[in-house]
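# Structural description and commentary
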Amino acid sequence: MMPGPSALASQVIAATTLLLLLLINGCVAKTHSVGGLDAWAVPPASRPDVYLRWGKSAHVRLGDSLMFLYPPGHDDVVQVTARAAARCRVSAPLLRLADGNSVFNLTAPGRVYYTSTLPGHCRKGQRLSLDVPTANGTYLPPSADDLAALVALAKLPPAAAPTKALPTLASLDDDDSGAAPPVARASVLAAGVAAMCFALLVYKEP
């Protein structure tokens, strides 16, 4: 017995709905390789802002995934809060993966932060921030912690520390310890020695 028109229409609707769900899950959701073709590591000196630029250019959606590629045992990835990202604090991450093929699912809208727990890597630029939109494509307003983190992330890795400059007379004069500056004390001593030498030269016994 053939199904009636109403039953056939219901089957078509059900099949169409299932097909749409499969398309949404399989085609719309994407896995993004963080940094493009670059492995997850400290950025090279020639491109210290590689993750900053990638985070700004990547178009992610709710339901997408981020994939971090790196040699297993040589690095890791942690998801941290905005406050922790601003200070490079990695002692209490939200999530940590270290398998070399780490995948993080973007399951909630808002800004997300990732970095490495290896000493110094965060401050050398190995950190990433992404803004995940809501299901309808709108973005949540940043919190105060987000704004502070964005300022910190925008700073490039610090250059090598300059060599210590020799003290100037002005800096010595600013000493408020109450003692005479070393240069002043040396000048007084030199003047005293010069006066004694001059006295010996001009002194004649009667």
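Note that the structure is a prediction, hence the values are computed from the model and not measured.

What counts and what doesn't
- Counting restarts for each chain, with residues numbered from 1 along the sequence as it is written.
- Reporting in this predicted model follows two pLDDT cut-offs: at least 70 for local features of residues, and 80 or more for side-chain atom pairs to be given and counted; totals over whole chains, interfaces and linings ignore these cut-offs and use all residues.
- Values reported for side chains reflect all heavy atoms of the structure, with hydrogen atoms and water molecules removed beforehand.
- Strands here are runs of E lasting at least two residues and helices are runs of H or I lasting at least four, both read from the DSSP assignment and numbered beginning at the N terminus.
- The buried label goes to any residue with under 20% of its type's maximum accessible area, the exposed label to any with over 50%, and the partly exposed label to all in between, with areas taken from a 1.4 Å probe on protein chains only.
- Only the protein chains shown count as cover for residues, and the accessible areas themselves come from Shrake-Rupley with a 1.4 Å probe.
- By disulfide we mean two sulfur atoms from cysteines, separated by a distance within 2.5 Å.
- A pair is scored as a salt bridge if a Lys or Arg side-chain nitrogen falls within 4 Å of a carboxyl oxygen belonging to Asp or Glu.
- The set of buried Ala, Val, Leu, Ile, Met, Phe, Trp, Tyr and Cys residues whose side-chain atoms join them within 4.5 Å is what this entry labels a nonpolar core.
- Contact criterion: two residues are considered in contact whenever any of their non-hydrogen atoms come within 4.5 Å of each other.
- In this analysis, strands are considered paired if DSSP registers two or more bridges between them.
- Taken from the helix axis, the directions to the C-beta atoms give the arc we talk about.
- Here an axis means a line fitted to C-alpha atoms, over the contact stretch when the element is a helix, while the angle between two N-to-C directions is reported on a 0 to 180 degree scale.

## Regarding the overall build of the protein
- Scanning the protein from terminus to terminus reveals 6 helices and 7 strands.
- Counted from the first residue to the last, the protein has its helices and strands arranged as α-β-α-β-β-α-β-β-β-β-α-α-α.
- Across the 206 residues that make up the protein, the buried fraction comes to 27%.
- Working note: accessible area of the protein is about 14100 Å², and carbon and sulfur atoms make up 65% of it.

## What about unusual backbone geometry?
- In this structure, cysteine 88 takes a positive phi of about 55° despite not being glycine.
- Following the sequence through the fold, cysteine 88 ends up in the loop between α3 (82–87) and β4 (95–97).

## Concerning the state of the cysteines
- Under the counting rule described, the total for this entry stands at 1 disulfide.
- For cysteine 88, the disulfide goes to cysteine 122, at an S-S distance of 2.1 Å. The sign of the S-S torsion, about -75°, decides the handedness of the disulfide formed by cysteine 88 and cysteine 122: left-handed. Within this pair, whereas cysteine 88 is found in the loop between α3 and β4, its partner cysteine 122 is found in the loop between β6 (110–115) and β7 (127–132), the two being separated by 34 residues in sequence. Exposure class is identical for cysteine 88 and cysteine 122. Each is buried.

## What to know about the pattern of salt bridges
- Counted under the stated rule, the structure contains 4 salt bridges.
- Residue aspartate 145 pairs with arginine 83 through a salt bridge whose shortest N-O separation is 3.4 Å. Of this pair, aspartate 145 sits in helix α4 (residues 144–154) while arginine 83 is found in helix α3, placing the two residues 62 residues apart along the sequence.
- A salt bridge links arginine 111 to aspartate 131, with the shortest nitrogen-to-oxygen separation between them at 3.7 Å.

## Overview of the nonpolar core
- Core analysis: the biggest nonpolar cluster contains 18 residues, and Val34, Leu66, Phe68, Tyr114 and Leu130 have the highest contact counts within it.
- Beyond its immediate sequence surroundings of up to four residues, leucine 66 is in contact with His32, Val34, Trp54, Val60, Ser102, Val103, Phe104, Leu106, Tyr114 and Leu130.
- Ranked by size, the runner-up nonpolar core spans 10 residues in total, among them Val80, Ala84, Tyr113 and Ala149.

## Focus: the pairing of β6
- Across the 6 residues that make up β6, a large majority, 5, are buried.
- The sheet contact formed by strand β3 (residues 77–80) and β6 spans 3 bridges and is antiparallel. Counterpart to valine 80 in the pairing with β6 is tyrosine 113.
- Two elements, β6 and β7, share 6 bridges in a ladder whose sense is antiparallel. Bridging from a neighbouring strand, tyrosine 114 pairs with leucine 128 of β7.

## A word on α4
- Those residues of α4 that sit buried are Asp146, Ala149, Ala152 and Leu153. Down the axis of α4, the buried side of the element spans an arc of 125°, and every buried residue falls inside it. Facing away from the buried side of α4, by more than 90 degrees, are the exposed residues Ala144 and Val151.
- Contacts made by the buried residues of α4 are with α2 (50–57), α3, β6 and β7.

## Overview of the sheet that holds strand β2 (residues 65–69)
- In spatial order, the strands read β1-β2-β5; together these 3 strands make up an open sheet with mixed pairing. Because the sheet does not close on itself, it has two edges, and the strands there are β1 (31–33) and β5 (101–105). On average, each strand axis in the sheet is inclined to that of its neighbour by 25°, with strand direction left out of account.
- Relative to β2, β1 runs parallel, the two sharing 3 bridges. By the bridge assignment, histidine 32 is partnered in β2 with leucine 66.

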